[in-house]
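Structure at a glance
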Amino acid sequence: MSLNQSMNISVGSMKNNQYALTVVSQNIANLHTEGYYRQKVNFVTNEYTTNCQNVLSTIRGMNGASISSLTDYVDDTAFKNLLDSNSDANYYNTLADALGELEAVADDLGDSGLNSLLNDFFKASAQLEQFPTDRTIRQEYILAAQNVCEKFNDISAKYDTIQENKFQTLTGDITRVNALLEDLAEANVIHAKHNQSPSTQADIDNIIQELSKYLDIRTDKNGNGTVNLYIGNIPAVQGGEVEFKLNAIYNQADPDTPLKLSLVSVDKPDYAISNGVNDSIKSGSIKSYVDFLNNTENKPFANVSEMKKALDSAANAFATELNKIQTQADGTTFPAYIVTQADGSLALSTDNIEEKKMFITSDNSGTINASNIKINEEFFQDPFLVSAARIDTTKLEAGEDWTKAIGNSDNAVLITALQNKNICSYNGGTNNCTLSQFLINNASKNGTDLAGIQGKADTANDIAEMEAANYAGIVGVNLDEELSDMIRYQRAFEASAKVFSTVNDLMSTILGMI
């Protein structure tokens, strides 16, 4: 190795170590900068200037080292764990928030809400037993029934509001996802143009991390450093191009038609993939909204569709049973209401009693549910239409005029007895609980479901925090390591400067001898 070679190598080494010191200083300056990736200098041995056939020629051919690249500290496995933990935590957090809203509505089902109004209604029917001809008692009975109907309407409307709000939030999340897909494609293009610089790589990683909050994703890298992103097995982004965007179709008015996610082709908007998309997304806030809005089986919680169906079944059972008592004969017995005769006296009647239903629908549909249950206006106008009497033909004396039995309250007795009759089906059974038990069970289930999901959310949050700390420890600035590198590069710089100085002295001595 010549003296000139030694000087050149030492100069190159000083430059390399000076640049490395600059990188270390930059890392330390960004110690507390969120999202900053610690950078490192990669060195490579320069090509030999001669064929290295022996030790001497190898030494003579040495040409020093140079900086090959500047890269981030990256760990793909740790990054994937970070993304997965983000998706899981956002799934359970979003679901816990939604179930919390159901829990607030569930309070209206219990003793402080609908169940309390039902108790008031049955107290009014007990009064009707005692005073079947009292017009005021009948009016109180009808008003108590109206209060129950309005509470059913109110709770159903709250469920509708929750459904609508969650779907709107889902729509907003999908809009954000599609915007992030565009951002990722653009960041890929910039990253390739800037020769895979650490700053553009950080931009890509930040976009992917935000996407992981909404849904679980899979990525792989191209040779130019750009990223392909998959939703399920569908390539949503390939390099600098967005191939598919996310979409949702939902008919809130028909809860039996499930919310469907689809992936729509950007190049061919008429082409969309919908089969299997719901199931291919396993976590993230978008998945939580799908599970919360869809009435699907095998979920460890009751979602808004199931709660609304349960409320509808309770309203239907309540109205159907009371209308049956009000209008239908049963074997040897038949109901009767009171009419005022021409002379002003009262009498029992069954005229057109099949049409004297007390509970009807507000939308003229054929099925009573929580949203449309209401009191027939005719009963407000004439409280005597309430069938408090039930005539047993086997107990009538020969020639007895049953229309005079206006004090009969056997039908009111049946109404009061309904409070303790199993008319609702719960937990897979058939007519296995009373209306009150049904409401309390559903309210209680809401609380149990919320507690279970909140526990999972707490665990998922702990895991996400742990993975974030682990990843930050890998890619973030470690002051101890940076100070160690600074000392190493500084000493290498000083050693190179010493070599340069020594060689320079040797060359001066040699020149002085000529």
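Each value, and the rule that gives it
- Residues numbered from 1 in each chain as written.
- Predicted model: local features only at pLDDT ≥ 70, side-chain atom pairs only at ≥ 80, totals over all residues.
- Heavy atoms only, no water.
- Helix = DSSP H or I, 4+ residues; strand = E, 2+ residues; numbered from the N terminus.
- Rg over C-alpha atoms; globule rule 2.2 N^0.38 Å.
- Buried < 20%, exposed > 50% of the residue type's maximum accessible area, 1.4 Å probe, protein only.
- Contact = heavy atoms within 4.5 Å.
- Areas by Shrake-Rupley, 256 points an atom, 1.4 Å probe, with all protein chains shown as cover.
- Lys, Arg positive; Asp, Glu negative; His and termini not counted.
- Charge placed at Lys NZ, Arg CZ, Asp CG, Glu CD.
- pLDDT = per-residue confidence, 0-100.
- Core = buried A, V, L, I, M, F, W, Y, C linked by side-chain atoms within 4.5 Å.
- Axes fitted to C-alpha atoms, helices over the stretch in contact; angles between N-to-C directions.
- Parallel < 35°, antiparallel > 145°, perpendicular 65-115°, else oblique.
- Left-handed = near helix turned anticlockwise from the far one by under 90°.

In terms of helices and strands, the protein chain carries 13 helices and 14 strands. For a compact globule of 514 residues, the expected C-alpha radius of gyration is about 24 Å, and the protein chain comes in at 39 Å, more than 25% above that figure. Considering only C-alpha atoms, the protein chain reaches an extent of 155 × 45 × 35 Å along its principal axes. In the protein chain, buried positions account for 43% of the 514 residues. When contacts within the protein chain are restricted to residue pairs at least 6 apart in sequence, those whose partners lie at least 24 apart make up 66%. Looking at the protein chain as shown, the accessible area adds up to about 25600 Å², and 49% of this sits on carbon and sulfur atoms. Within the protein chain, the 67 negative side-chain charges are centred at a point lying 5 Å from the centre of the 37 positive side-chain charges.

A separate point is the confidence of the model for the protein chain. Predicted confidence across the protein chain gives a mean pLDDT of 88, with 94% of residues reaching 70 or more. In the predicted structure, residues 54-59 sits below a pLDDT of 50 and forms six contacts with residues beyond four places in sequence or in another chain.

Phe121, Tyr141, Phe152, Phe318 and Phe359 are the most contacted members of the largest nonpolar core, which has 108 residues in total. Ranked by residues supplied to this core, first place goes to helix H5 (residues 135-193) with 20 residues. Grouped together as the second largest cluster of nonpolar side chains are seven residues, Phe334, Ile338, Leu348 and Ile391 included.

This next bit is on the packing of H5 against helix H9 (residues 304-327). At a minimum axis distance of 10 Å, the contact between H5 and H9 shows a crossing angle of 160°. By the angle class used here, H5 and H9 are roughly antiparallel. Of the two elements, H5 crosses H9, and the hand of that crossing is left-handed. Side by side, H5 and H9 meet where Tyr141, Val148, Phe152, Ile155, Ser156, Tyr159, Asp160, Ile162 and Gln163 of the first sit next to Val304, Ser305, Met307, Lys308, Leu311, Ala314, Ala315, Phe318 and Leu322 of the second.

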